Amino acid sequence: MQVENIKPNIGAIVHATREELKDEAVVARCRELLDQRGVLVFPRVGLSDAEQLAFTDALGPRINFTSRVPGGDSSTQDVYTVTLDDNNEPEYVLGTFFWHADGITSDIAPPYATILSARKVAPRGGETEFASTYAAYEALSPEQKAEYADLRVVHTVIAAVREVASPEELDPIRRAFAHEHPLVWTHHNGRKSLLIGYTADYVVGRSKAEGRALLTRLLEFAGRPEFTYQHAWQEGDLVVWDNTGALHRVVPYGADSGRRMHRTSVAGFEEVA
Ligand code: OGA
Ligand code: MN
């Protein structure tokens, strides 16, 4: 298995075959690389749904946090199809155009990793961008780190889709999704990152204006070129990322583009109640 770093702060390309991804030692190495690099790209590895699920389970127990989101077309249980075509509630998929981490607005531990594979790419747009919030955190001043150490942030679905939908358009159950998390996320390996993104609604104990200004500034900071990587997909590519150490968003693509991605998630284990 050959590994190349993509940029100093983020990303690694892993050259591995479908067969190699079934090997326990290879999976263990992927987990290590995920901690160090945030985003792993497996060019044109071409996994089937069953193989993607097996790889997901090998990384950690799978979780399906979108079972109640309609739309998509994957008939494989626990594989969510990301698509804008024939989607019943496009606002959820349109929300992926904005920086976010997956599954952090509901009452579960934030998923540890997301696995996305390209089934059909868009003729224009559809590249996925990643921002290392480990690198962003590490680049903060000691004063900032001290100021943010104990802050808590409420993440909501309403905030996540605020650019594309008004609250009344949302399903009443999901409209109520809200979950409080620490701003600074401490990983099992001791590294720290920022848990931010469009889901971040407000900072507990600060005025709305002050809290949102801080969240916006941090998000702008994390989006600096030195912390980010943009992946231009080829069919069969698989990308795995550290969901609480990297933000992601997709470059807008058309509802008629035919773009289809298959997504699976690994359950989180780091949150203490
Ligand atoms: C998602 C997501 C990005 C993409 O499915 O959670 O953010 O490139 N997808 O489709
Ligand atoms: Mn996402």
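Residues numbered from 1 in each chain as written. Chains lettered and ligands numbered in written order. Predicted model: local features only at pLDDT ≥ 70, side-chain atom pairs only at ≥ 80, totals over all residues. Heavy atoms only, no water.

Draft legend 1. Structural context of the site of ligand 1. Within the structure, ligand 1 sits among Val82, Thr96, His100, Asp102, Leu116, Thr128, His248, Val250, Arg259 and Arg263. Interatomic distance of 3.1 Å between a side-chain N/O atom of His100 and an oxygen atom of ligand 1. Thr128 places a side-chain nitrogen or oxygen 2.6 Å from an oxygen atom of ligand 1. The protein chains hide 99% of the 290 Å² of surface that ligand 1 would expose on its own. More than half of the atoms belonging to ligand 1 lie within 2 Å of the grid points that define the largest cavity. The residue makeup of the shell around ligand 1, split by class, is three nonpolar, four polar and three charged. (Near = heavy atom within 4 Å. Polar contact = N/O pair within 3.5 Å; in protein donor to acceptor, adjacent residues only side chain to side chain. Areas by Shrake-Rupley, 256 points an atom, 1.4 Å probe, with all protein chains shown as cover. 1 Å grid on protein atoms, 1.4 Å probe; cavity = no way out; pocket = protein on both sides within 12 Å on 5 of 7 lines; lining within 4 Å. Sits in = over half its atoms within 2 Å of the grid points. Nonpolar A, V, L, I, M, F, W, Y, C, P; charged D, E, K, R; others polar.)

Draft legend 2. Structural detail: empty space enclosed by the protein. In the structure shown here, the tally under the stated rule is three cavities of 30 Å³ or more. Quantified by volume, the largest cavity comes out at close to 130 Å³. If you go around the largest cavity, you meet 13 residues; those closest to its centre are Val82, Thr96, Leu116, Trp241 and His248. Residue assignment for the lining of the largest cavity shows that the elements contributing at least two residues are strand E15 (246-250) and strand E16 (260-266). Per element, the largest residue contribution to the lining of the largest cavity is three residues, and it comes from E15. Classifying every residue of the lining of the largest cavity gives five nonpolar, four polar and four charged. (Points joined across faces, edges and corners; volume = space filled by probe spheres on them. Helix = DSSP H or I, 4+ residues; strand = E, 2+ residues; numbered from the N terminus.)

Draft legend 3. Examining the coordination of the manganese ion (ligand 2) more closely. Protein ligation of the manganese ion (ligand 2) involves His100 (NE2), Asp102 (OD) and His248 (NE2), the donor distances falling in the range 2.1 Å. Look at where the donors of the manganese ion (ligand 2) fall in the sequence and you get H-x1-D-x145-H. (Donors = N, O, S within 2.8 Å, 3.2 Å for Na, K, Ca; no water.)

Draft legend 4. Quick look at the sheet that holds strand E12 (residues 200-203). Judged by pairing direction, the sheet is antiparallel, and its three strands sit side by side in the order E9-E8-E12 without closing on themselves. In this open sheet, the two strands that pair with only one neighbour each are strand E9 (178-182) and E12. In this sheet, adjacent strand axes meet at a mean angle of 30° when their direction is disregarded. With three bridges joining them, strand E8 (residues 152-156) and E12 adopt antiparallel strand pairing. The residue of E12 that forms the bridge with His155 is Ala200. Against the sheet, helix H8 (residues 208-222) engages E8 and E12, with an angle of about 130° to E12. (Pairing = 2+ DSSP bridges. Axes fitted to C-alpha atoms, helices over the stretch in contact; angles between N-to-C directions. Contact = heavy atoms within 4.5 Å.)

Draft legend 5. Quick look at helix H2 (residues 49-59). Asp49, Glu51, Gln52, Leu53, Phe55, Thr56 and Leu59 are the residues of H2 that are buried. Close packing links the buried residues of H2 with helix H1 (24-37), strand E3 (39-42), strand E4 (62-63), strand E6 (113-120), strand E14 (238-242) and E16. (Buried < 20%, exposed > 50% of the residue type's maximum accessible area, 1.4 Å probe, protein only.)

Draft legend 6. A look at the nonpolar core. In this structure, Tyr148, Leu183, Leu194, Ile196 and Leu218 are the most contacted members of the largest nonpolar core, which totals 24 residues. Listed by contribution, the elements that provide at least two residues to this core are helix H4 (133-138), E12 and H8. For this core, the element with the most residues is H8, which contributes six residues. Discounting chain neighbours no more than four positions away, the residues touching Ile196 are Thr133, His155, Leu183, Leu215, Leu218, Leu219, Ala222 and Leu247. Listed in part, the 21 residues of the second largest apolar core include Leu21, Leu40, Phe42 and Leu238. (Core = buried A, V, L, I, M, F, W, Y, C linked by side-chain atoms within 4.5 Å.)

Draft legend 7. Geometry of the pairing of E14. Buried residues dominate E14, accounting for five of its five residues. Side-chain alternation along E14 places Leu238, Val240 and Asp242 on one buried face and Val239 and Trp241 on a second face that is also buried. The sheet contact formed by E3 and E14 spans four bridges and is antiparallel. Each bridged residue has a counterpart across the sheet, and for Val39 the counterpart in E14 is Trp241. Inspection of the sheet shows E6 paired to E14 by five bridges, in the antiparallel sense. Bridged to Thr114 within E14 is Trp241.

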